[in-house]
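Each chain, written out:
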Amino acid sequence: MSIGVLALQGDVREHLAALAAAGAEARPVRRAEELAEVQGLVIPGGESTTMSKLAVIFGMLEPLRERVRAGMPVYGTCAGMIMVADKILDGRDDQETFGGIDMTVRRNAFGRQNESFEAAIEVEGIAGGPVEGVFIRAPWVESVGAGVDVLATYGDHAVAVRQGNVLATSFHPELTGDHRVHALFVDIVRSAG
């Protein structure tokens, strides 16, 4: 089983290491040909408007949308959560997403870089107590459609959601050394066959 990490921009190396620690063969994905070789994909944190532009430049936007629609498991963290949302608040007018989760997210909802923080987050489906959520200019989920499961909240906002094979978190578990969220995603990829 091979899981890719979209390597256009963002914290790619950390996700590759977390996936490997969770038992997956992990590889960077920059081109459509590489996307065709993986059974699942992580969309890392970074900057969502830059990621959107680079996806167009590298010819990845439509191939990614097609794979998501076809059921490929995807996990988006922070900017990756924005990229799998169907609707964005506070984004650029020309910003594109890959879609996959019927939700509306607000960019930079938790504040600027200097307002970043860590918090213990109870995530449904993850045993062993809370995970450490690292929130860096993080989005939050404003609303979800009927088919979306909210797996975790912080304050009054959803910060981890799942719809079918698509998982998303506002926070960065790849920065903590706790690989349980990545293990959950590896299980989703395995179950998808």
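Residues numbered from 1 in each chain as written. Predicted model: local features only at pLDDT ≥ 70, side-chain atom pairs only at ≥ 80, totals over all residues. Heavy atoms only, no water.

Some details on the layout of surface pockets
The test is simple: Here a cavity denotes a set of grid points, spaced 1 Å apart and computed over the protein atoms alone, in which a 1.4 Å probe fits but from which it cannot get out, and a pocket denotes an open set meeting protein on both sides within 12 Å along at least five of seven lines; residues with an atom within 4 Å of a point are reported as lining. Grid points are joined across faces, edges and corners, and a volume is the space filled by probe spheres set on the points. By the convention adopted, Pro, Cys, Tyr, Trp, Phe, Met, Ile, Leu, Val and Ala count as nonpolar, Lys, Arg, Asp and Glu as charged, and the other residues, Gly among them, as polar.
In this structure, the largest pocket spans a volume of roughly 170 Å³. Around the largest pocket, the lining is made up of 15 residues, and of these Gly 46, Glu 47, Cys 78, Ile 136 and Arg 137 lie nearest the centre. Among the residues forming the lining of the largest pocket, the class breakdown is 6 nonpolar, 6 polar and 3 charged.

Let's talk about the packing of helix 1 (residues 12-21) against helix 6 (residues 180-192)
Quick note on the threshold: Every angle, taken between N-to-C directions, lies between 0 and 180 degrees, and every axis is a line fitted to C-alpha atoms, over only the stretch in contact when it is a helix. Strands here are runs of E lasting at least two residues and helices are runs of H or I lasting at least four, both read from the DSSP assignment and numbered beginning at the N terminus. Roughly parallel refers to an angle under 35 degrees, roughly antiparallel to one over 145, roughly perpendicular to one between 65 and 115, and oblique to any angle outside these ranges. Definitions for this section: a left-handed crossing has its near helix turned counterclockwise from the far helix by less than a right angle. A right-handed crossing has that turn clockwise. By definition, residues are in contact when any of their heavy atoms lie within 4.5 Å.
Here helix 1 crosses helix 6 at 70°, and the two axes come no closer than 9 Å. For the element pair helix 1 / helix 6, the angle class is roughly perpendicular. Regarding helix 1 and helix 6, the two cross each other, and that crossing is right-handed. Where helix 1 abuts helix 6, its residues His 15, Ala 18 and Leu 19 lie against His 182, Phe 185 and Val 186. Split by residue class, the contact of helix 1 with helix 6 holds 4 nonpolar, 2 polar and no charged.

Details of the packing of aromatic side chains
The criterion, for reference: Working definition: a ring pair exists when centres of Phe, Tyr or Trp rings (six-membered ring for Trp) sit within 6.5 Å. Plane angles under 30 degrees give stacked, over 60 give edge-to-face, the rest tilted.
Per the counting criterion, the structure on display carries 5 aromatic pairs. Considering the side-chain rings of Tyr 75 and Phe 185, the 5.8 Å spacing of their centres and the 40° angle between planes classify their relative orientation as tilted. Of this pair, Tyr 75 sits in strand 4 (residues 74-77) while Phe 185 sits in helix 6, and the two are 110 residues apart along the sequence.

Some points on unusual backbone geometry
Formally: Remark: exposure states derive from per-residue accessible area (1.4 Å probe, protein chains only) relative to the maximum for the residue type, with buried under 20%, exposed over 50%, and partly exposed in between.
Positive phi, close to 55°, is recorded for Cys 78, a residue that is not glycine. One can find Cys 78 in the loop between strand 4 and helix 5 (79-84). Relative accessible area serves as the criterion here: at 4%, Cys 78 is assigned to the buried category. Even without a glycine there, the phi angle at Arg 137 is positive, about 45°. Tracing the sequence through the fold places Arg 137 in the loop between strand 8 (131-135) and strand 9 (140-144).

Examining the pattern of salt bridges
Test applied: Between Lys or Arg on one side and Asp or Glu on the other, a salt bridge is scored when a side-chain nitrogen of the former is within 4 Å of a carboxyl oxygen of the latter.
In the structure shown here, the tally under the stated rule is 9 salt bridges. One salt bridge in this structure joins Glu 14 and Arg 13, with 4.0 Å as the shortest N-O distance. With a relative accessible area of 26%, Glu 14 lands in the partly exposed category. The exposed category is assigned to Arg 13, whose relative accessible area is 66%. Across the salt bridge formed by Glu 25 and Arg 27, the nearest N and O atoms sit 2.9 Å from each other. Judged by its relative accessible area of 43%, Glu 25 falls in the partly exposed class. For Arg 27, a relative accessible area of 25% gives the class partly exposed.

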